[in-house]
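Notes for the structure review
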Amino acid sequence: MASKFGRALVVAGVALALIGSPAHAVDDVKASANVKHVANVPKQAPFKGAEAYNSDLAFQGNYAYQGNYQGFTVYNIKNPAKPEVVSRVSCLGAQNDISVQGDLLFLSVDETLSGDSCKARSASPDKKSSWEGIRIFDISDKSHPKYVKSVRTACGSHTHTLVPAKSKSSVYLYVSSYGPESSFPGCKPPHDKITIVKVPLKKPKAAKVVATPVLFPDGGNESAALLAPTSGCHDITVFPQKDLAAGACMGDGVLMDISDREAPKVTHTVTDDNFAFWHSATFNNTGTKVVFTDELGGGMMATCDKSFKPQLGADAIYDIEAGELVKKAYFKIPRRQSKNENCVAHNGSLIPVKGKDIMVQAWYQGGVSIFDFTDSDKPKEIGYFDRGAFKPVDVAGSWSAYYYNGHIYSSDIQRGLDVLRITDKRTAPAAKVRQKSLNAQTQYAY
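Reading the values: rules and limits
- Residues numbered from 1 in each chain as written.
- Predicted model: local features only at pLDDT ≥ 70, side-chain atom pairs only at ≥ 80, totals over all residues.
- Heavy atoms only, no water.
- Buried < 20%, exposed > 50% of the residue type's maximum accessible area, 1.4 Å probe, protein only.
- Helix = DSSP H or I, 4+ residues; strand = E, 2+ residues; numbered from the N terminus.
- Pairing = 2+ DSSP bridges.
- Axes fitted to C-alpha atoms, helices over the stretch in contact; angles between N-to-C directions.
- Disulfide = S-S within 2.5 Å.
- Salt bridge = Lys/Arg side-chain N within 4 Å of Asp/Glu carboxyl O.
- Contact = heavy atoms within 4.5 Å.
- pLDDT = per-residue confidence, 0-100.
- Phe/Tyr/Trp six-rings, centres within 6.5 Å; stacked < 30°, edge-to-face > 60°.
- Polar contact = N/O pair within 3.5 Å; in protein donor to acceptor, adjacent residues only side chain to side chain.

**Looking at the pairing of strand β22 (residues 289-294)**
Counting buried positions over the six residues of β22 gives six, a clear majority of the element. Both faces of β22 are covered, namely the face carrying K289, V291 and T293 and the face carrying V290, F292 and D294. Across five bridges, strand β21 (residues 278-283) lies against β22 in antiparallel orientation. The residue bridging T282 from the neighbouring strand is V291, located in β22.

**Structural notes on the sheet that holds β21**
An order of β21-β22-β23-β24 is seen for the four strands of this open sheet, with the pairing classed as antiparallel. Two strands lie at the open edges of the sheet, namely β21 and β24 (324-331), each paired on one side alone. Taking the axes of each pair of neighbouring strands and ignoring which way they run, one obtains an average angle of 25° across the sheet.

**Some thoughts on the state of the cysteines**
Summed over the entire model, instances satisfying the criterion amount to four disulfides. Here C304 pairs with C343 through a disulfide, and the sulfurs are 2.0 Å apart. Of note, the bridge from C304 to C343 carries an S-S torsion of about -70° and is left-handed in sense. With C304 in the loop between β22 and β23 (315-321) and C343 in the loop between β24 and β25 (348-350), this pair connects stretches of sequence that are 39 residues apart.

**Examining the pattern of salt bridges**
Applying the stated criterion across every chain yields a total of eight salt bridges. Where K166 meets D243, a salt bridge forms, and the shortest distance between an N and an O atom there is 3.7 Å. Separated by 77 residues along the polypeptide, K166 in the loop between β13 (159-164) and β14 (170-176) and D243 in the loop between β17 (235-239) and β18 (244-249) bring together distant segments of the chain. Taking the relative accessible area as the measure of exposure, D243 reaches 21% and is therefore partly exposed. Note that D357 and K289 form a salt bridge whose closest N and O atoms lie 2.8 Å from each other. In this pair, D357 is assigned in the loop between β25 and β26 (358-362) and K289 in strand β22, connecting sequence segments 68 residues apart.

**Thoughts on the sheet that holds strand β29 (residues 398-404)**
As summarised here, the arrangement of the four strands in space is β4-β31-β30-β29, forming an open sheet in which the pairing is antiparallel. Looking at which strands have only one partner, the edges of the open sheet turn out to be β4 (35-41) and β29. Geometrically, the sheet is characterised by an average inter-axis angle of 20° between neighbouring strands, direction not taken into account.

**Let's talk about the side chain of K289**
Owing to a relative accessible area of 8%, K289 belongs among the buried residues under this scheme. Apart from residues no more than four positions distant in its own chain, K289 is found in contact with T282, F283, N284, Y318, D319, I320, D357, F373, T374, D375 and S376.

**Observations concerning the confidence of the model for the protein chain**
Low pLDDT means the predicted atomic positions in that stretch should not be read closely. When the pLDDT values of the protein chain are averaged, the result is 92; 93% of them are 70 or greater. Considering only residues more than four positions removed or in separate chains, one finds that residues 4-18, a stretch of pLDDT under 50, has 26 contacts. Across residues 20-26, where pLDDT falls below 50, the model places 22 contacts with residues more than four positions away in sequence or in other chains.

**Structural notes on the packing of aromatic side chains**
On inspection of all chains with the given rule, the structure shows 15 aromatic pairs. Taken together, a centroid distance of 4.5 Å and an interplanar angle of 50° make the contact between F275 and W278 tilted. Grouping residues by exposure puts F275 and W278 together as buried. With 5.7 Å between their ring centres and 85° between their planes, F292 and Y318 make a pair best called edge-to-face. Of the two residues, F292 sits in strand β22 while Y318 sits in strand β23, which places them 26 residues apart along the sequence. Of the residues examined, F292 reaches a relative accessible area of 0% and is grouped as buried. Among the aromatic residues, ring-to-ring pairing joins F275, W278, F292 and Y318 into one connected group.

**Details of the pairing of β26**
Counting buried positions along β26 gives five out of five residues, so the element sits mostly inside the fold. What you see with β26 is no split at all: I358, V360 and A362 on one side and M359 and Q361 on the other are buried throughout. Here β26 runs beside strand β27 (residues 368-372); their pairing, made up of five bridges, is antiparallel. Directly across from Q361, in β27, lies its bridge partner S369.

**Side note on the side chain of S280**
By the element assignment, S280 lies in strand β21. Taking relative accessible area as the criterion, S280 reaches 7% and is therefore assigned buried. A polar atom in the side chain of S280 sits 3.1 Å from the side chain of H279. There is a polar contact of 2.7 Å between the side chain of S280 and the side chain of T293.

And the structure:
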């Protein structure tokens, strides 16, 4: 999500209205004939309240990990039709973007708090003592995760990307953050950089910031009509086998060389007249394409109704040709949503079908979409799952939708964890692919 919930959004100086009252029943579920709703685990205490927003997902073995603005949940998904809650950890901090590696779990905190403990509460960003950044947990015992370490990062950590070190003894976290203000001691402009945290896997308490590379020495793109000004990045996806990364950096989409993990270098930059907020990036399986998302309205607007053009709040598909990004087409869900449903392109992952480029993606209250972009010029939806408008009114819907070992898992902001299955000859080969783990922003060829 591009911005903190509850704040008015402004793009190019124009205030954007938030969604109004819902028009459809909560259980008004629609899906394509090839998609089946297998299971739902509703939100439960201590994450039952409307303000306890579910966020991103990560996977490892038979476990799924779901971030929440008030902590995280561990599920046993050995039987995808009956996911079981193993533990819930209360630990306030928006967005609690999540990843896992071995016995370690990482959370991003993009909210100034009174301290780094899980008992901390919201604090003013104007105070030097306020904290935000990365939290690290030991998850060797899934039923009792233990808080290990925190690392303060400039402007907090809206998202982070797990990057394997060339030596297997450590991992790096590329921390994306933004929103500098001259009055914020921990987040002063210019903020045209990311923060890199190095974590020794056997000594996580030694985790520390090792670099803060400036990606945009010229300040980045701040002139296009719709764009939010570049100040750092919102999200970065890496393709370690190619030493390649794609960054969605608010006003810019970028390619990076990450052969030196502590000194990533921007190699190509693009912008788009129809994009308002470059939000996330997904490579295809060969690292020759990138799907960038535009989170117009920060996830709180109904950009899928008839008043918005199909190239707004959409995906843009780029081929990588001679090291440069070349735009081919836009993709947006073909179903019109109501003006009461927040809907825009959000987080997704590839469905592992060799020789094909097929992606599953969350669209908030636009639901979950599966689309084929093998032909970069003609992306086409091949399946979907779409709930009715959430009631009472709030920001709701699918935050992330990822394919993992035969099923699609959707983190619904208000309704918990959904499990879906697609049965289609175009995706059938994926059922044979078994992954040991999945952090969606760390892509490996299958």
